[in-house]
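So you can see what is in the structure, the chains are spelled out below.
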Amino acid sequence: MRIGLFLIVGFISCFSLSQSKKNIDLLDNWQNPSLISNSSNVKYNDCWGYTSNGNEYAIAGSTEGTHYFKITENNKLEEVDFVPGEFVSMSVVHRDIKVYQNYAYAVCDEGESSLQIIDLSYLPDSVHVVAENDTTFAKVHNLFIDEANALLYACSITPKINGIMSSKISMQVFSLANPELPVLVYTGPNDIPEVHDAYVRNNIAYLNCGFDGLRVFNFTNPSSPIFLQNITTYQDQGYNHQGWLSPDGSTYVFGDETGGKKLKKCAVDANHEIEIKSYFGTNFENNSVPHNIVLTNEFAFVAYYNEGLRIFDIRPRVPLEIAHYDTYPDEHFFNMNGAWGMYADYPSGNLLVSDRHYGLFLFDFNRTVFNNPTLDYTTVFPIPVEKSGEITIRLKEEIDAFTVSIYDEIGKVISNEIVFKNTSYAIIKAPKSSGVYTAIISYTNSKEDLIRTSKRIMVN
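Just so you know, these numbers come straight off a predicted model, no measurement behind them.

### Brief notes about the packing of aromatic side chains
Then step 1. Scanning all chains against the criterion turns up 30 aromatic pairs.
Then step 2. Ring centres of Phe280 and Phe312 lie 5.0 Å apart, and the angle between their planes is 70°; on these two criteria the pair is classed as edge-to-face. You can see Phe280 sitting in strand E26 (residues 274-280) and its partner Phe312 sitting in strand E29 (residues 309-313), a full 32 residues away along the chain.
Then step 3. Under the relative-accessibility criterion, Phe280 is labelled buried at 3%.
Then step 4. Of the aromatic side chains, those joined through ring pairs into one cluster are Trp48, Phe144, Tyr199, Trp244, Tyr343 and Tyr346.

Rendered as structure tokens:
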């Protein structure tokens, strides 16, 4: 849409239900209504991503197995194959999938299931199950793979011994020297009932241990890891569920899967020890529950159950929410419906989220706009801008709508009260003529005050 000299870049949503969203663009949503589900209509669980030969792929778990998608050039989820799980039932709540080299590793935490190893090298045509283990891996809650060291961490694992389901083991570590034949190298820690999830990089393992808190180990010698730290009690503690380390290794964020508990932003020192620095979150006043977290150096991407996808700028001392998309628009008193899995490592920058009820979502989030940390004033950049170049206006407050009017040097209106909704920024084209222009930005803040601010736009 053209208004005067300015091209407005809008945001389009195609999801059928009314969604609460800001600064996120929905690209596609996949659902399969034929899948079996329980009385709560839960069909889906975790998700993960994979990139090969310039193509991006998505993997989603369901009550019936794992689904494999090619992400097309026009950003659509095209299902190309399906692998039934060893255990298929409406009672399936947990499947987990991780990728190492060209293999997907899929597990389930219900029934008498298995570890399935799926060769992805045949994509985009198909996938092939190349190995399956229903004894050692009869039930597993979560997986994590330290790719650099070819180690698979299986969390809360229940083996089958002589055909009988045995007692739960807190965690086991397997070598993937042969990716199709994992070899056990470690079992433990033995003094706690479970390791719910893990994040591991360069042999340093951050273990989320449920009600036993957080532990850190060095697995350089994987058969005999070195204990580094144990955080058994901390402020706003609940069930320590999952966490993620930033690529630069300086920040770790973890969440407690307990109603009303905030996320914890932690500093990580040179000895890999963690110190909680601040607490943040969304709608915790109403007992919201965070689930899975992924970090970049700038952002925390959180699958936040009933609150949907929430994105935080983690560079301020207390992280600030900068974007959201509620994948679960229904009203429900149970706070653990909705968003479940999160993947944010595609070269394209697109985001993948799985929702327990509404399937798999593919999103676009413009990271470039938020490259600079969140500031306490409205920003316009770049300054100066080339003629007909792009200008970004980013508000200091995370409001939902605003208007922009543009005036030239003598006060002539170039464009009047252009409305932007479901976003706290706008990208417009600069005029074709050099000069100094003024942008008047207006919005109503959370206190219902009308705010008007002016910014200069210099065009070369």
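There is more to say after this.
### Brief notes about the side chain of Ser246
Then step 1. Tracing the chain through its elements places Ser246 in the loop between strand E23 (240-245) and strand E24 (251-256).
Then step 2. The contact partners of Ser246, leaving out residues within four places of it in the chain, are Arg201, Thr251, Leu295, Thr296 and Asn297.

### Quick look at the layout of surface pockets
Then step 1. What the largest pocket holds in volume is close to 600 Å³.
Then step 2. Lining of the largest pocket is provided by 27 residues; of these, Trp48, Glu147, Tyr199, Trp244 and Asp345 occupy positions nearest its centre.
Then step 3. Taken together, the elements giving at least two residues each to the lining of the largest pocket come down to strand E5 (44-52), strand E9 (95-100), strand E13 (139-146), strand E19 (197-201), E23 and strand E27 (292-295).
Then step 4. When residues in the lining of the largest pocket are grouped by element, the largest group, four residues, is from E5.
Then step 5. When grouped by side-chain class, the residues that make up the lining of the largest pocket number 16 nonpolar, five polar and six charged.
Then step 6. Approximately 240 Å³ is the volume attributed to the second largest pocket.
Then step 7. Together, 14 residues line the second largest pocket, and Asn306, Glu307, Asp330, Glu331 and His332 are the ones closest to its centre.

### Quick look at the sheet that holds strand E3 (residues 21-22)
Strand pairing in a sheet is mediated by backbone hydrogen bonds. Such pairs are either parallel or antiparallel.
Then step 1. Reading across the sheet, the five strands line up as E3-E30-E29-E28-E27 and stay open at both edges, with antiparallel pairing between neighbours. If you trace the sheet from one side to the other, it starts and ends with E3 and E27, each paired once.
Then step 2. Pairing of E3 with strand E30 (residues 320-325), which is carried by two bridges, proceeds in the antiparallel orientation. Counterpart to Lys21 in the pairing with E30 is Tyr325.

### Quick notes on the state of the cysteines
Then step 1. This structure, assessed with the given rule, holds zero disulfides.
Then step 2. Just so you know, Cys47 is unpaired, no disulfide at all, and the nearest cysteine sulfur is the one on Cys108, 16 Å from it.
Then step 3. A relative accessible area of 0% places Cys47 in the buried class.
Then step 4. Lacking any disulfide linkage, Cys155 is separated from the closest cysteine sulfur, that of Cys209, by 8.8 Å.

### Some details on the environment of Gly61
Then step 1. Within the secondary structure, Gly61 sits in strand E6 (residues 55-62).
Then step 2. Look past the residues within four positions of Gly61 in its chain and what remains in contact with it is Lys43, Tyr44, Asn45, Asp46, Thr66, Arg95 and Ile97.

### Section: the pairing of strand E20 (residues 204-208)
Then step 1. The buried fraction of E20 is high, at five of five residues.
Then step 2. Burial along E20 is two-sided: the face carrying Ile204, Tyr206 and Asn208 and the face carrying Ala205 and Leu207 are both buried.
Then step 3. Hairpin connection of E19 to E20: two residues between the antiparallel strands, including Asn202 at a positive phi of 50°.
Then step 4. Sheet topology places E20 next to strand E21 (residues 214-218); five bridges connect them, and they run antiparallel.

### Considering empty space enclosed by the protein
Once rolled over the atoms, a probe with the size of a water molecule shows which space is left empty.
Then step 1. All chains considered together, the criterion is met by three cavities of 30 Å³ or more.
Then step 2. Each pocket or cavity is described by its volume, and for the largest cavity that value is around 150 Å³.
Then step 3. Forming the boundary of the largest cavity are 17 residues, of which Lys98, Asp197, Gln242, Trp244 and Asn292 lie nearest the centre.
Then step 4. Contributions of two or more residues to the lining of the largest cavity are made by E5, E9, E13, E19, E23 and E27.

### Structural notes on the sheet that holds strand E37 (residues 413-421)
Then step 1. If you walk across this open sheet you meet the four strands as E37-E36-E39-E40, and the pairing is antiparallel. Every interior strand has two partners, whereas the edge strands, E37 and strand E40 (450-459), have only one. Neighbour-to-neighbour, the strand axes of this sheet turn through a mean angle of 20°, independent of strand direction.
Then step 2. In terms of strand pairing, strand E36 (residues 401-407) meets E37 through six bridges, oriented antiparallel. Counted as the bridge partner of Val404 is Ile418 from E37.

Calculation rules
Residues numbered from 1 in each chain as written. Predicted model: local features only at pLDDT ≥ 70, side-chain atom pairs only at ≥ 80, totals over all residues. Heavy atoms only, no water. Phe/Tyr/Trp six-rings, centres within 6.5 Å; stacked < 30°, edge-to-face > 60°. Helix = DSSP H or I, 4+ residues; strand = E, 2+ residues; numbered from the N terminus. Buried < 20%, exposed > 50% of the residue type's maximum accessible area, 1.4 Å probe, protein only. Contact = heavy atoms within 4.5 Å. 1 Å grid on protein atoms, 1.4 Å probe; cavity = no way out; pocket = protein on both sides within 12 Å on 5 of 7 lines; lining within 4 Å. Points joined across faces, edges and corners; volume = space filled by probe spheres on them. Nonpolar A, V, L, I, M, F, W, Y, C, P; charged D, E, K, R; others polar. Pairing = 2+ DSSP bridges. Disulfide = S-S within 2.5 Å. Axes fitted to C-alpha atoms, helices over the stretch in contact; angles between N-to-C directions.

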